[in-house]
Amino acid sequence: MATMNFNTTNSTFRQLLGNGLSYRVPPFQRDYSWSEDEWDDLWQDILGLFEEGGEPSHYMGYLVLQSSDSKEFDIIDGQQRLTTISVMILAALGHLKDLVESRLDPENNAKRKEQLQNSYIGYLDPVSLVPRSKLELNRHNNRFYQTYLVPLEKLPQRGLNASEHQLRKVFTWFKERIKGRVGSSDESGKALAAFIDSLVDKLFFTVITVTDELNAFKVFETLNARGVRLSSTDLLKNYLFSVISTQDTHETELKALEERWERIVGLLGSESFPEFLRVFWNSRNKLVRKSELFKTIRRRITARDQAFGLLRDLDQSAAVYAALRDPQDATWNNDEKDALEQLLMFNVRQPLAMLMACHARYFEHERVAFTRIIKAIAVVSFRYNVICNLQTHEQERLYNEIAWKVTAAAFERASEVIASLRDVYPDDNQFKAAFTDKELRTTNSRNKKVVRYILFKIEWQRSEQDFDFESATYNLEHILPESPSEAWAYIDEAKQDRLIYRIGNMTPMETSRNRDIGNGSYASKRSAYEESCFQITRAVAEHYDTWDEQKIESRQRQLAGIAAGIWRIDFGD
């Protein structure tokens, strides 16, 4: 296994920018997008540092940098924060410039401005007056930043793109707050310089420096798995656009591609994009694990036409993926909608690549075939994932195999696809055995929804009454209560905990009746069950004089037999 070449340090803003190093936002990284909410959050945090009893420092989060020489760094993640702090310092320099022009301690304030500018922003070439900046922004923002903000020129208000407007606004926003803090007097420049000099030591980052994009991608995946949200989406965009962008690439062509990219990310959201990318890739290729995805794409996509093709295909597939994750999408008929709602409820994602391949192959020309496949997948997911709780690795491998066989036209008929699901379809004996022992703790909201779904489906099969399992009119009754009263002391306390969340111990109930019977004895509950509108609840009162472990197991075994008839695929044996 290759070594991951990166190092991690904690650095203050002074250590980052005050040491002759330079930083660059890659050309195709997202534009500056912070707004007043983020500016104000940062400003309030900063003010808190200077209050009596305030914190000694403020943590600014992760900063992911890429460099091969430890002198010039690409900002892979953290550009919004670094840009905002840099513009805030420029706003402070702007106020110092105003103090000089107002003849308020002009000589000292000019020196302060020059010193702070050289330390944290960069310097102006004394001959050309071209700024040599410590920070370079992306292709949409850098012109405005270097031409107007760094040299503190008068800011234009027209002819700007949306993110340039944000840069103009953030400068004026912080300048107003800084002026409000230090005022405009002979002492203001000294106070402002002291404020900035202290602040750059109080803001600190966890800095991860990597040597190439592949290591950066692995860092993203590792940190995201630990709940730290970083954007591998931007990293992939930078790579693909760097492949596409050559001296011959016209600006209008790049703009069209960026619009296409923004349309995809806008539809899915930046956090959902990596998962979509993996599903898309696995719908057309041999199975790739998440940790290997970026490496695989970088190895396979090396030419402009390949990058163009990938972007085009991603654009066409994004809407399908979004629809597969949204059962309410107008695309679906009732059967498809029900199946997708089940997959969402079961939290099952393994079939998505296969479903994307089947959608491309069957949806337009053989809609009935696609509907049969998605219904079969819902049944497999219930048996394999929800009830039998089997390992998903083998299941995902099979789904991927089906996906690329469908894509390659090795499977032509839907019956071939469904027949191939047999390997991940627990047979009736395995399913009934797992169902009979199944415990689902309804303290978890997803489990509660799944149990309601199961019991309402069984009710529909027995009585043909189609109750809405999500309606607040009905509740889930635990016959042996979740908080048993003394009336249940005949069941050992340790055993109670094992029995309460068995499927056989739960039954649907009208909410009002469920509230009335509380955690009373079985005898007191039984009369309410007799009056229930649910046939399977009335059957509890009819068939069981008492309620204990044996009765729970007996009822659950009976429910398992009914369930095997509801959630089944006819393979035509």
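Source: prediction; values computed, not measured.

Right, let's talk about the pairing of strand 4 (residues 72-77) for a bit. Burial runs high along strand 4: 5 of the 6 residues are buried. Note: strand 2 (residues 22-24) against strand 4, 3 bridges, orientation parallel. Bridging across to strand 4, Tyr-23 finds its partner in Phe-73. Relative to strand 4, strand 3 (residues 58-66) runs antiparallel, the two being bridged by 3 bridges. What sits directly across from Gln-66, in strand 4, is Asp-74. Between strand 3 and strand 4, which pair antiparallel one after the other, the connecting turn spans 5 residues, and Ser-70 there sits at a positive phi close to 60°.

Even without glycine at this site, Asn-347 takes up a positive phi of about 60°. Tracing the backbone shows Asn-347 in the loop between helix 14 (334-346) and helix 15 (352-363). Its identity as a non-glycine residue notwithstanding, Asn-389 has a phi of 50°, on the positive side. Of note, Asn-389 is situated in the loop between helix 16 (367-387) and helix 17 (392-407).

Under the counting rule described, the total for this entry stands at 35 aromatic pairs. The interplanar angle of 45° and the centroid separation of 5.2 Å between the aromatic rings of Tyr-59 and Phe-204 together place this pair among those described as tilted. With Tyr-59 in strand 3 and Phe-204 in strand 8 (residues 203-210), this residue pair connects regions lying 145 residues apart in the sequence. Seen in terms of ring centroids, Phe-382 and Phe-431 are 6.1 Å apart; in terms of plane orientation they differ by 55°. Their pairing is tilted. On the criterion of sequence distance, the pair formed by Phe-382 in helix 16 and Phe-431 in helix 19 (residues 428-437) is long-range, its members being 49 residues apart. Residue Phe-382 shares its accessibility class with Phe-431, and that shared class is buried.

So, on to helix 12 (residues 293-300). Taken together, the buried positions of helix 12 are occupied by Leu-293, Phe-294, Thr-296 and Ile-297. Axial view of helix 12: buried residues confined to an arc of 160°, hence all on one face.

Nonpolar side chains in soluble globular proteins tend to end up buried together. Core analysis: the largest hydrophobic core is formed by 104 residues, its most contacted members being Phe-435 and Ile-454. Broken down by element, this core gets its largest block of residues, 13 residues, from helix 16. In this view, Phe-435 contacts Phe-382, Ile-387, Ile-454, Ile-458, Ile-503, Gln-556, Leu-559, Ala-560 and Ala-563; residues no more than four positions away in its chain are not counted. Trp-34, Leu-82, Leu-160 and Val-200 belong to the second-largest nonpolar core, a separate cluster that totals 58 residues.

So, how was this worked out
Going along each chain's sequence as written, the residues are numbered from 1 onward. At least 70 in pLDDT is required for a residue's local features to be given in this predicted model, at least 80 for side-chain atom pairs to be given and counted, and no such filter applies to totals for whole chains, interfaces and linings, which use all residues. To get the side-chain values, take all heavy atoms of the structure and skip hydrogens and water. Any residue under 20% of the maximum accessible area for its type is buried, any over 50% is exposed, and the rest in between are partly exposed; the area is computed with a 1.4 Å probe on protein chains only. Only DSSP runs of H or I covering at least 4 residues are called helices, and only runs of E covering at least 2 are called strands; the numbering of each starts at the N terminus. The criterion for strand pairing is that DSSP finds at least two bridges linking the strands in question. Note on aromatic pairs: the rings of Phe, Tyr and Trp (six-membered ring only in Trp) are paired at centre separations within 6.5 Å, and the planes decide the class, stacked below 30 degrees, edge-to-face beyond 60, tilted for the rest. Each C-beta atom gives one direction from the helix axis, and the arc is the one those directions make. Buried residues of nine kinds, namely Ala, Val, Leu, Ile, Met, Phe, Trp, Tyr and Cys, make up a nonpolar core once their side-chain atoms join them within 4.5 Å. Whether two residues are in contact is decided by their heavy atoms, any of which lying within 4.5 Å being enough.

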